[in-house]
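Commentary on secondary and tertiary structure
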Amino acid sequence: MSGVVDWIEELYESGSARSNRFRYWLLAFDIATVIFVIATSFVPRAPWIEVIDAVLGVLILADFAARMAISENRMRLLIQPATIADLIAVASFLAPIAGEGFGFLRILRTLRLLRTYRLLARLRQDFPFFRENEDVIVALVNLGVFLFVMTGLIYTTQHRTNPDIANYADALYFTVTTLTTTGFGDITLQGTWGRMLSVAVMIFGVTLFLRLAQVLFRPVKVRQPCPNCGLELHDSDAVHCKHCGETIRIETEGAV
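Now for a description of the structure that goes with this document. All values derive from a computational prediction rather than experimental measurement.

Observations regarding the overall build of the protein
When you go through the protein residue by residue, the secondary structure sums to ten helices and two strands. Moving toward the C terminus, one meets the helices and strands of the protein in the order α-α-α-α-α-α-α-α-α-α-β-β. Within the protein, buried positions represent 36% of all 256 residues. Sequence-distant contacts, at least 24 apart, represent 51% of the contacts inside the protein between residues at least 6 apart. Carbon and sulfur atoms make up 65% of the accessible area of the protein, which amounts to about 15,000 Å² in all.

Take a look at the structure:
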C-alpha cells in the first residue's frame, strides 16, 4: 500500500519529467471538463451526457482520493475552497437524478482552475508566452471563473420563476451586461435573492474587470526577484531595485 502512496506522491509532488507531464494532463482535464460543462448547459439533458457526467465524476473523485492519501494535513485540505468545489462537483456529476435544478453545481468545477496556480513556476519555465503574460492570464482566469459561477447561480435560481431567464444563454447575457455596467434593462432578476445576486455581480465582477484592465494597460513589468529584498516586479529597464536599491540584473535581448 505504501508503494502505491509513494507512486501517487511522486506524480503529484515531485519535479520529475513524468510528474510534470501528469500535471499538464490534469490541467488539460480541468479545462476540458469546464468546456463540457458550459457546452452541455445549452442543450437538453440526454443519456450520453449523463454517462459522461458519471465518468467525469469518478475521475474527479479518484483525483480527490489521491490528494487525500498523500496530504499531511487532511483536515486543512478538506476546508480549502477548491476541495469543497470538487466535492460539490462530484456530487452533481454522479447524481443526475437530482435534476436539472442542480446543474449549476457542475459550474463550480471552474473553481478547480484556481488550484492550477501551483503550476505557475513550471508554466513560466516551459512557455515564454505565459511567462511574459502571466498577470493577464491569471486575471482572465479569475474573471472567467467568476463569470460562469455567477451565471450558473443566476440560471438555477431564476429560470423557473423568471420568464426573462429561459436558458443558460439568457443568464450569461444578464451577467455580462451587468458586469460591464452596460445594463440594457431588458432582463432583470426577480425577488430579494435576485437583487442580491445582481449586487454581487456588480461589486465583485466590476472589481475583477477593473483588475484585468489595470493589468492590460499598466506599464510592462519584468519578473526578476531582487537578491536582497525579494521584490519581483521591476521596470524593464531597471538597474536598481526601487524597494531597497540593490543592483538587479535583468536578462534582456537588447533594444530592437
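Read on for the rest.
Overview of the side chain of Thr177
With respect to the helices and strands, Thr177 occurs in helix α9 (residues 168-179). Relative accessible area serves as the criterion here: at 10%, Thr177 is assigned to the buried category. There is a polar contact of 3.0 Å between the side chain of Thr177 and the backbone oxygen of Phe174. With residues near it in sequence (within four places) discarded, Thr177 still touches Thr182, Gly183 and Phe184.

Considering the nonpolar core
By size, the foremost hydrophobic cluster in this structure holds 17 residues, and its most contacted members are Met150, Ile154, Ile165 and Leu189. Among the elements of the structure, α8 (134-158), α9 and α10 (191-217) are those that each provide at least two residues to this core. Among the elements that line this core, the one with the most residues is α8, at six residues. Counting nine residues, the second largest nonpolar core, distinct from the first, contains Val37, Ile49, Leu56 and Ile60.

Thoughts on α10
Owing to its 3.6 residues per turn, the α-helix brings residues three or four apart onto one side. For α10, with 27 residues, the first-to-last C-alpha span of 38 Å sits near the 39 Å given by 1.5 Å per residue. Along α10, the residues classified as buried are Gly194, Leu197, Ser198, Ala200, Val201, Gly205, Leu212 and Val215. Where α10 is buried, its residues meet α8 and α9.

Let's talk about a nonpolar patch on the surface
Together, Trp193, Met196, Val199, Met202, Ile203 and Phe204 make up a nonpolar patch on the protein surface, roughly 620 Å² of accessible area in all. Residue placement: Met196 occurs in helix α10.

Remarks on the pattern of salt bridges
Oppositely charged side chains can pair when the atoms bearing their charge come close. Overall, the coordinates contain two salt bridges when judged by the stated rule. As a salt-bridge pair, Arg67 and Asp63 come within 3.2 Å of each other at their nearest N and O atoms. Placement of the pair is Arg67 and Asp63 together in helix α3 (residues 47-70), with a separation of four residues, close to one helical turn. For Asp63, a relative accessible area of 6% translates into the label buried.

Analysis parameters
Residues numbered from 1 in each chain as written. Predicted model: local features only at pLDDT ≥ 70, side-chain atom pairs only at ≥ 80, totals over all residues. Heavy atoms only, no water. Helix = DSSP H or I, 4+ residues; strand = E, 2+ residues; numbered from the N terminus. Buried < 20%, exposed > 50% of the residue type's maximum accessible area, 1.4 Å probe, protein only. Contact = heavy atoms within 4.5 Å. Areas by Shrake-Rupley, 256 points an atom, 1.4 Å probe, with all protein chains shown as cover. Polar contact = N/O pair within 3.5 Å; in protein donor to acceptor, adjacent residues only side chain to side chain. Core = buried A, V, L, I, M, F, W, Y, C linked by side-chain atoms within 4.5 Å. Expected span 1.5 Å × (residues − 1). Patch = residues over 30% accessible without salt bridge, like charges linked within 9 Å, V, L, I, M, F, W, Y side chains within 5 Å. Salt bridge = Lys/Arg side-chain N within 4 Å of Asp/Glu carboxyl O.

Everything listed is a geometric property; what it means functionally is a separate question.
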